[in-house]
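These are the residues of each chain, in order.
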Amino acid sequence: MFDAKNEKEHIIEWISNWFSENGPTANAVVGISGGKDSTIVAALLAEALGKERVYGVLMPQDVQPDLDDAKKVVKTLGINTLMVNVGEPVQKLKEQILSAVNPLNDEEKTITELSSDTIINIPPRIRMATLYAVAASLPGGGRVANTCNRSEDYIGYSTKYGDAAGDFSPISDYLVTEVKQIGHEIEALSPISELIEKTPSDGLCGYTDEDKIGFTYATLDKYILTGVCEDDEIRAKIDRMHILNLHKLKTIPMCKKTS
């Protein structure tokens with residue numbers, strides 16, 4: 001019963017209203033990866049605000065195979081484009097952290113590589129810092145778009161203070177299957193409609209999102225909507241991921257004063 005056309009118009013109106021209240025002359029800044037979420041969010045922003053107020057930021061980590069897709073998005077939509085290669089900052093930061101955490105003169109505790117979680121999460125956090133730096137540098141200022149969807153948020157498939165950050169979130173209440181339907185309702189994306197169905201990947205490690213999480217988004221969306229998952233092992237994994245990552249969806253816990 002999902003009405004993708006109506007929801008598309010609803011999001012466009014919501015974006016327009018949000019900017020009226022939180023930045024009437026501000027620009028929208030969105031990281032463009034070449035994947036469906038950033039592509040669709042950029043298109044919705046262009047419809048809501050006009051393409052001249054949308055800045056798409058391409059942030060490859062050195063050379064990435066999906067960079068051409070990101071270029072297609074900004075060219076097709078006609079939005080403003082910036083490119084910031086985060087490869088060197090990522091590498092330099094990894095080297096500095098590795099050096100800092102290794103105790104001096106203690107060979108037994110010396111490590112030669114950072115943990116996989118550290119390596120995975122550094123790039124999206126640097127990218128988010130980049131987006132905010134761009135937003136603060138634009139004439140009239142900018143507001144950074146969060147491009148996460150409900151499916152990813154449900155299992156915590158995002159980096160806290162990385163791609164999970166942003167000033168406003170147009171599609172975070174929509175499942176992956178719903179986001180795709182909305183994308184197909186956006187006329188401006190017709191020339192690059194293949195990106196809406198593109199196999200999702202973070203563009204960093206060579207694996208698809210579904211490879212890494214161990215189940216499809218279709219399976220996840222069905223479980224979120226209906227509570228039904230025929231595979232007991234997958235259902236247990238989804239539940240475990242959801243519980244472990246709820247902290248990403250909550251505001252920072254604050255200790256209240258006693259008086």
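Above: the structure in question.
Since the structure is predicted, the reported quantities are computational estimates derived from the model, not experimental observations. (Residues numbered from 1 in each chain as written. Predicted model: local features only at pLDDT ≥ 70, side-chain atom pairs only at ≥ 80, totals over all residues. Heavy atoms only, no water.)

A. Structural detail: the sheet that holds strand β4 (residues 142-144). Reading across from one edge, β3-β2-β1-β4 is the order of the four strands in this open sheet, with parallel pairing throughout. Unpaired on one side and paired on the other, β3 (80-83) and β4 mark the two borders of the sheet. Taken pair by pair, the neighbouring strands of this sheet meet at an average axis angle of 30°, ignoring direction. In this fold helix α2 (residues 36-49) packs onto β1 (27-31) and β2 (54-58), with an angle of close to 170° to the strand it touches most, β1. Of the strands in this sheet, β2 and β3 are in contact with helix α3 (residues 67-77), which crosses β2 at around 170°. (Pairing = 2+ DSSP bridges. Helix = DSSP H or I, 4+ residues; strand = E, 2+ residues; numbered from the N terminus. Axes fitted to C-alpha atoms, helices over the stretch in contact; angles between N-to-C directions. Contact = heavy atoms within 4.5 Å.)

B. Quick look at the layout of surface pockets. There is about 380 Å³ of room inside the second largest pocket. Taken together, 17 residues form the lining of the second largest pocket, with Ala164, His247, Lys248, Leu249 and Lys250 sitting closest to its centre. Considered class by class, the residues forming the lining of the second largest pocket number seven nonpolar, six polar and four charged. (1 Å grid on protein atoms, 1.4 Å probe; cavity = no way out; pocket = protein on both sides within 12 Å on 5 of 7 lines; lining within 4 Å. Points joined across faces, edges and corners; volume = space filled by probe spheres on them. Nonpolar A, V, L, I, M, F, W, Y, C, P; charged D, E, K, R; others polar.)

C. Focus on helix α4 (residues 87-101). Across its 15 residues, α4 extends 22 Å between first and last C-alpha, which sits within 8% of the 21 Å expected from 1.5 Å per residue. Among the structural elements, α5 (116-137) are those in contact with the buried residues of α4. (Expected span 1.5 Å × (residues − 1).)

D. Spatial organisation of helix α7 (residues 176-184). Listed in full, the buried residues belonging to α7 are Val176, Glu178, Val179, Ile182 and Gly183. The buried residues of α7 occupy an angular sector of 160° when projected down its axis, which confines them to one face. Its buried side turned inward, α7 meets α1 (4-22), α2, α6 (150-154) and α9 (217-226). (Buried < 20%, exposed > 50% of the residue type's maximum accessible area, 1.4 Å probe, protein only. Arc of directions from axis to C-beta.)

Keep in mind these values describe shape, not function.
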